[in-house]
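Each chain, letter by letter, is given below.
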Amino acid sequence: MIRAATVADLGQITEIYSDAVLNGTASYELEPPTLAEMQARYDNLRAGGFPYLVAADAAGTILGYAYAGPFRTRPAYRFIVEDSVYVMPSAKGRGVGLELLRALIEAVRQLGFRQLVAVIGDGSAESPSVRLHEKLGFRHCGRLQGSGYKRDRWLDTVFMQLELNGGTTLPPDADSLPEKKFRHEM
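Per chain, the residues get numbers from 1 upward, laid out in the order the sequence is written. Note on the predicted model: pLDDT of at least 70 is required for a residue's local features to be given, and 80 or more for side-chain atom pairs to be given and counted; whole-chain, interface and lining totals, by contrast, use all residues. Hydrogens and water molecules were not included; the side-chain quantities draw on all heavy atoms of the structure.

Asks: Tell me about the side chain of serine 84, residues and numbers included.
Replies: As for its position among the elements, serine 84 is in strand β4 (residues 80-87). Accessibility here uses a 1.4 Å probe with only protein chains present; expressed as a share of the type maximum, an area under 20% marks a residue as buried, one over 50% as exposed, and anything in between as partly exposed. Owing to a relative accessible area of 14%, serine 84 belongs among the buried residues under this scheme. A helix here means a DSSP run of H or I that spans at least four residues, while a strand means a run of E at least two residues long, and both kinds are numbered starting from the N terminus.

Put into structure tokens, the structure is as follows:
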């Protein structure tokens, strides 16, 4: 089941992210953030109107989470958001990330954003995150070689992009979340 994340989910979300930080290369953080820091990040995203989703099993265990947030803070970037998707180790390979990203894309689309960007650490061609984004129509749009050093090796960062809501072919939608925020209507 995919649903909006709540504050009650943050303990499990923090555990999932801590594992990614300590055992993976998708995140360039070296020390896992505390629950308090994860709550501050969650609160900041939700206060901005950004989607934050979880995948839960029938027992309520959080299998993964995904959110979209600002790509950059300068106002001309207001139509582009960056995604993040993390799945607990035992749920990887079961389609959890795919369903989370599908739901996130739709949430971002409904809010009126024009571009969704994935900034993927360890962006090798065989990276599960790269393959996931390719499967859902993201196109490769850049690579920063040797941009991170973690787990005793240099990592490339891959940028992938998905155009939404007409992308650059249409003028901004006055009723979209980014425009309403820009005009201080929210």
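Okay, back to it.
Asks: Lay out the packing of aromatic side chains in plain terms, naming residues and giving numbers.
Replies: Each Phe, Tyr or Trp ring, with Trp reduced to its six-membered ring, pairs with another whose centre is within 6.5 Å; inter-plane angles below 30 degrees give stacked pairs, above 60 give edge-to-face pairs, and intermediate values give tilted ones. For the coordinates displayed, the defined rule picks out nine aromatic pairs. Here tyrosine 52 and tyrosine 65 contribute two aromatic rings whose centre-to-centre distance is 6.0 Å and whose plane-to-plane angle is 10 degrees, an arrangement assigned as stacked. With tyrosine 52 in strand β2 (residues 52-56) and tyrosine 65 in strand β3 (residues 62-70), the pair connects residues that are 13 residues apart, well separated along the chain. Comparing tyrosine 52 with tyrosine 65 shows no difference in burial state: the two are buried.

Asks: Which residues make up the nonpolar core, and what values go with them?
Replies: Nonpolar side chains tend toward joint burial in soluble globular proteins. Put simply, buried Ala, Val, Leu, Ile, Met, Phe, Trp, Tyr and Cys residues joined by side-chain atoms within 4.5 Å make one nonpolar core. By size, the foremost hydrophobic cluster in this structure holds 47 residues, and its most contacted members are Ile13, Tyr65, Leu101, Ile105, Val108, Leu116 and Phe138. With seven residues, helix α3 (residues 96-111) is the largest single contributor of residues to this core. Each residue touching tyrosine 65, except ones within four places of it in the same chain, is listed here: Ile13, Ile16, Tyr17, Met38, Tyr52, Leu53, Val54, Ser84, Val85, Tyr86 and Leu100. Whether two residues are in contact is decided by their heavy atoms, any of which lying within 4.5 Å being enough.

Asks: Talk me through helix α1 (residues 10-23); I want residue IDs and the actual numbers.
Replies: Take the residue count of a helix, subtract one, and multiply by 1.5 Å to get its expected span. With 14 residues, α1 ought to run about 20 Å at 1.5 Å a step, and its terminal C-alpha atoms sit 20 Å apart, in line with that. Among the residues making up α1, those that are buried are Leu10, Ile13, Thr14, Ile16, Tyr17, Ser18, Ala20 and Val21. Lining the buried residues of α1 we find α2 (35-47), β2, β3, β4 and β6 (139-150).

Asks: Pulling in residues and values, what's your account of the pairing of β3?
Replies: Consecutive residues of a regular strand have side chains that alternate between opposite faces of the sheet. Among the nine residues in β3, seven count as buried, and that is most of the element. Following DSSP output, two strands are said to pair if at least two bridges run between them. Across five bridges, β2 lies against β3 in antiparallel orientation. Bridge pairing links leucine 53 to alanine 66 in β3. By the bridge criterion, seven bridges tie β3 to β4 in an arrangement that is antiparallel. Following the sheet pairing, tyrosine 67 is matched in β4 by serine 84.

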